[in-house]
Structure formats: C-alpha cells, structure tokens
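Architecture at a glance
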Amino acid sequence: MSTFVEPLNIIITGVGGQGNVLASQVVSVAAAVAGYRVVVGETFGVSQRGGSVMSHVRISKDKPYGPLIPRGRAGVIAGFEPLETLRVMVNYANPDTVTIMNDRPNYPLGCLLGEDKYPDPARIEETIRKLVARVHRLPATELAKEAGSPLAANMVMTGALAGSGLLPFGREYLTATIELLFKDSVRDLNLAAFELGYRQLAG
C-alpha cells in the first residue's frame, strides 16, 4: 500500500450498465469496515441508455469531506470505458492522478447506428498518457469473460484498484464485502473476476 494522503479521491466512471456504481459501493463499504470515513457522490447521465455514470468516492481518516471531488483533484480515476475515462480526466485529473482503464470501448448508440464515429482507441490512450504520469491499461472485459461473464468487468476493475496498492486498506476488506453483497454462483464469479484484476496490477 502507498502512503495515505488524505483525502484519497477516487472517481469510478463508465456508462450505464457497466456496474461502476456497484464497484463504488464495494470500495466504499470496504473502506468503512476498515475504519475510514467515506463519502460517495453519484452523477448520472441517461444511464440506462448507455449514458455517463460517475461515482466520486472520498476516503479520509478523521476529517469529513463533501461528496463531490473538486475539479483537478482526483487521485485515482478508474475508467470502465476509454472515451468516458478521457472525458472525466479532462475535468478531474492532474499530472499526479493515477488512471486505471479498461481497454474495451462501449460504443454509443450513435456509433452503432452509423451516425457517429468512435475515436481511434489508440489516440484516446495517447491523449490520456499525456495528461498523467501513471496509466494502467488492462483488458478488464476479456478477463471478466475468463472469469465467467463480461458483466463482471466491474469486479475486475475493483480488483485492479486493490492491486494498485493505492487503497489504504487490504484486499481482504474488499473480498469480504463481495462475499457480503453476493451469494452462491454470483459471489464466486465476482471473486474470480476480482482476483484476475488484482493480479494484473499486483504482479
């Protein structure tokens, strides 16, 4: 784990249906159980239609903070979708922000209908790397498929966040939260996905 600098400002972002709100719930419950103050702010676009969804998770030891992270103050951005990651970074990243990004695009409806064109993913990543010093790119959706379902990409990303060493508490708090929130085969799937994501960044 890295040295904890209060507050740890985490943005978990993606589009509707990717499960980033659930991922923020896992992180925030784990932080609270580990003894930290945690506050969560959610912003939604037209989430059920693939619109933007962004969760602000702020973790501190003693001092309370408001639910929304000020612009340019994100310590970590976990992006479930490349273009959405870049969109959030423009407003909330600074050169010291650590970015953890799923490499799988989630094409907007306009792109699927042929009305719009999704930007070149390589250009998106190139731009992201110019904005911050540390970028971890991983095939979260493919790893989730390996675990059993692409829907578990959110737990792959949660595992990667744990594996980054940026959280001030151990992975056991996160796996315990997953075991608390899910049952049976869904629990097993999410734990497997979490483990694959964790290994990606923990080595």
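Shown above is the structure to which this text applies.
If you're wondering where the values come from, they're calculated on a predicted model, not measured in any experiment. (Residues numbered from 1 in each chain as written. Predicted model: local features only at pLDDT ≥ 70, side-chain atom pairs only at ≥ 80, totals over all residues. Heavy atoms only, no water.)

For the structure shown, the criterion picks out four aromatic pairs. With a centroid separation of 6.2 Å and an interplanar angle of 85°, the aromatic rings of phenylalanine 169 and tyrosine 173 are classed as edge-to-face. Grouping aromatic residues by their ring pairs yields a cluster made of Tyr36, Phe169 and Tyr173. When the ring centre of tyrosine 198 is taken as origin, the NZ or CZ atom of arginine 171, which lies over that ring, is 4.1 Å away. (Phe/Tyr/Trp six-rings, centres within 6.5 Å; stacked < 30°, edge-to-face > 60°. Lys NZ or Arg CZ within 6 Å of the ring centre and 35° of its normal.)

A word on the packing of helix H1 (residues 20-33) against helix H6 (residues 153-163). Interaxial distance between H1 and H6 falls to 9 Å at its minimum, and their mutual angle equals 35°. Classified by chirality, the crossing of H6 by H1 is right-handed. Packed against H1, whose contacting residues are Leu22, Ala23, Val26 and Val27, the element H6 presents Asn154, Met155, Thr158 and Leu161 at the interface. Among the residues making up the contact of H1 with H6, the classes are represented as six nonpolar, two polar and no charged. (Axes fitted to C-alpha atoms, helices over the stretch in contact; angles between N-to-C directions. Helix = DSSP H or I, 4+ residues; strand = E, 2+ residues; numbered from the N terminus. Left-handed = near helix turned anticlockwise from the far one by under 90°. Contact = heavy atoms within 4.5 Å. Nonpolar A, V, L, I, M, F, W, Y, C, P; charged D, E, K, R; others polar.)

With that settled, the discussion passes to the environment of leucine 174. Note that leucine 174 resides in helix H7 (residues 171-181). Judged by its relative accessible area of 0%, leucine 174 falls in the buried class. As a C-alpha pair, leucine 174 and serine 55 span 119 residues in sequence and 17 Å in three-dimensional space. Setting aside residues no more than four positions away along its own chain, leucine 174 makes contact with Val26, Val27, Ala30, Thr158, Ala162, Leu167, Phe169 and Phe194. (Buried < 20%, exposed > 50% of the residue type's maximum accessible area, 1.4 Å probe, protein only.)

Taking 1.5 Å per residue, 19 residues should reach 27 Å; helix H8 (residues 184-202) reaches 27 Å between its end C-alpha atoms and fits that length. Buried positions along H8 lie against strand S5 (98-102), strand S6 (134-138), helix H5 (140-147), H6 and H7. (Expected span 1.5 Å × (residues − 1).)

In this structure, Ile10, Val27, Ile59, Ile100, Leu138, Phe169 and Leu174 are the most contacted members of the largest nonpolar core, which totals 39 residues. Core analysis: the next-biggest nonpolar cluster, separate from the first, contains 17 residues, Met54, Tyr92, Cys111 and Ile124 among them. (Core = buried A, V, L, I, M, F, W, Y, C linked by side-chain atoms within 4.5 Å.)

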